Amino acid sequence: MLKNIILGIKEYSGAFDLISKLKLWKYFIIPVLISLVTAVLIGIEAYALSDNVGSFIAKIWIWDWGKEIFSGISNFVGGVIVLIIGLILYKHIVMALSAPFMSPVSEKIEKHFYGDVKHLHRKTSNTEQLIRGLRLNIRNLAKELLISVPILLLKFIPIVNIFSTILLFLVQAYYAGFGNMDYTLERHLDYKGSVDFVGKNKGFAIGNGIVFMLFLLIPVIGIIVVLPLSVTAASTKTLKLLHNKHELVYEK
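Here's what I pulled together on the structure shown here. (Residues numbered from 1 in each chain as written. Predicted model: local features only at pLDDT ≥ 70, side-chain atom pairs only at ≥ 80, totals over all residues. Heavy atoms only, no water.)

### Section: unusual backbone geometry
Consideration 1: The residue K23 is not glycine, and still its phi comes out positive at about 55°.
Consideration 2: With respect to the element layout, K23 can be found in the loop between α2 (15-21) and α3 (29-58).
Consideration 3: Residue V220 is not a glycine yet carries a positive backbone phi of 60°.
Consideration 4: The topology assignment puts V220 in the loop between α8 (202-215) and α9 (221-244).
Consideration 5: Assessed through its relative accessible area of 52%, V220 is described here as exposed. (Helix = DSSP H or I, 4+ residues; strand = E, 2+ residues; numbered from the N terminus. Buried < 20%, exposed > 50% of the residue type's maximum accessible area, 1.4 Å probe, protein only.)

Quick look at the structure:
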């Protein structure tokens, strides 16, 4: 899996040049606006809720001794929890709403590398792409929260919390890569087929998602470039997997 994670990361190296060469920047205008608005709204909510969550956690400590220390830790952990859940929500909201705009990007990349293979594509409308994007991201959001909440609880355990942070990051990366890959998969595979495909290629999804998550750590600029670069990298890698593994049945 480690090899595939590295290969997923390396796919970013040619993403910027490919976007410029195929003149894809115009397709990202609306998704970038969606990304910025979503980030601002979630950021405001996260700031407002972090103290409340910290205060709620602090109530667990019923003793007077060490109360100030525990309150300080609680406020920090509360802020981290709100931030992580905010990132999870941001990721899935943006990916779901951007689905109709990302499919043409993937399609142009496929045509560039493999010629006109539209006869092999599933016929879907913008509405169907949006519905599929919402369905997939709601499914992934539920699964990610189910996995992430127990990991967040480990942050109260010294030393263990270091490893829980890494694990949490990888979980977020996987579902980010999952969403990016599906912009290509939706044309070739049905819903279940896409879930199975990404499940068999977890390393590539994690590799793509690692860079996606790191971009989000860069204020403003990261939010602007994260979708163009990650979707382009994911599309290129997913198409290689589909064509090389003969998932596509060509008409002669």
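Next comes the rest of the description.
### What about a positive patch on the surface?
Consideration 1: Residues K23, K26, K108 and K111 make up a contiguous surface patch of positive charge.
Consideration 2: Following the sequence through the fold, K26 ends up in the loop between α2 and α3. (Patch = residues over 30% accessible without salt bridge, like charges linked within 9 Å, V, L, I, M, F, W, Y side chains within 5 Å. Areas by Shrake-Rupley, 256 points an atom, 1.4 Å probe, with all protein chains shown as cover. Salt bridge = Lys/Arg side-chain N within 4 Å of Asp/Glu carboxyl O. Lys, Arg positive; Asp, Glu negative; His and termini not counted. Charge placed at Lys NZ, Arg CZ, Asp CG, Glu CD.)

### What to know about a nonpolar patch on the surface
Consideration 1: Judged by side-chain polarity, I85, L89, I93, L97, L134 and I138 come together as a nonpolar surface patch covering roughly 460 Å² of accessible area.
Consideration 2: At four residues, helix α4 (residues 67-114) tops the list of elements feeding residues into the nonpolar patch.
Consideration 3: Relative to the helices and strands, I93 is located in helix α4.
Consideration 4: Using a relative accessible area of 35% as the deciding quantity, one classes I93 as partly exposed.

### Side note on the environment of L49
Consideration 1: Assignment of secondary structure puts L49 in helix α3.
Consideration 2: A relative accessible area of 40% means that L49 is categorised as partly exposed.
Consideration 3: For the pair L49 and V82, spaced 33 residues apart in sequence, the C-alpha to C-alpha distance is 7.1 Å.

### A few points about the packing of helix α5 (residues 126-153) against helix α7 (residues 191-200)
Helix packing geometry: the angle between the two helix axes and the distance between the axes.
Consideration 1: Running from N to C, α5 and α7 point in directions that differ by 45°, and their axes come no closer than 12 Å. The orientation of α5 relative to α7 falls into the category oblique. Remark: the crossing between α5 and α7 carries right-handed chirality. Of α7, the residues touching α5 (which contributes R132, R135, L136 and R139) are Y191, S194 and V195.
Consideration 2: Looking at side-chain class alone, the contact of α5 with α7 contains three nonpolar, one polar and three charged residues. (Axes fitted to C-alpha atoms, helices over the stretch in contact; angles between N-to-C directions. Parallel < 35°, antiparallel > 145°, perpendicular 65-115°, else oblique. Left-handed = near helix turned anticlockwise from the far one by under 90°. Contact = heavy atoms within 4.5 Å. Nonpolar A, V, L, I, M, F, W, Y, C, P; charged D, E, K, R; others polar.)

### Re the nonpolar core
Consideration 1: One finds F28, Y90 and F212 to be the most contacted residues of the largest nonpolar core, which totals 60 residues.
Consideration 2: For this core, the elements supplying multiple residues, two or more each, are α2, α3, α4, α5, α6 (160-188), α7, α8 and α9.
Consideration 3: The element best represented in this core is α4, accounting for twelve residues.
Consideration 4: Filtering out sequence-adjacent residues up to four positions away, Y90 remains in contact with S35, T38, A39, I42, L216, I223 and V226. (Core = buried A, V, L, I, M, F, W, Y, C linked by side-chain atoms within 4.5 Å.)

### Notes on the pattern of salt bridges
Consideration 1: With the rule as written, the count across this model stands at six salt bridges.
Consideration 2: Across the pair K237 and E11 runs a salt bridge, and its minimum N-O distance is 3.5 Å. With K237 in helix α9 and E11 in the loop between α1 (2-10) and α2, the pair connects residues that are 226 residues apart, well separated along the chain.
Consideration 3: A residue is classified by how much of its surface remains accessible, and K237, at 12% relative accessible area, is buried.
Consideration 4: Residues E110 and R187 are paired through a salt bridge, measuring 2.6 Å at the closest nitrogen-oxygen approach. Of this pair, E110 sits in helix α4 while R187 sits in helix α6; the two residues are 77 residues apart in sequence, bridging distant segments of the chain.

### Overview of the packing of α5 against α6
Consideration 1: It is at 10 Å that the axes of α5 and α6 come closest, and there the two elements cross at 170°. Taken together, the axes of α5 and α6 are roughly antiparallel relative to one another. Here α5 contributes Q129, R132, L136, R139, N140, K143, E144, I147, S148, I151 and L152 to the contact with α6, which in turn contributes S164, L167, L168, V171, Q172, Y175, F178, D182, L185 and E186.
Consideration 2: Of the residues in the contact of α5 with α6, the class split is ten nonpolar, five polar and six charged.

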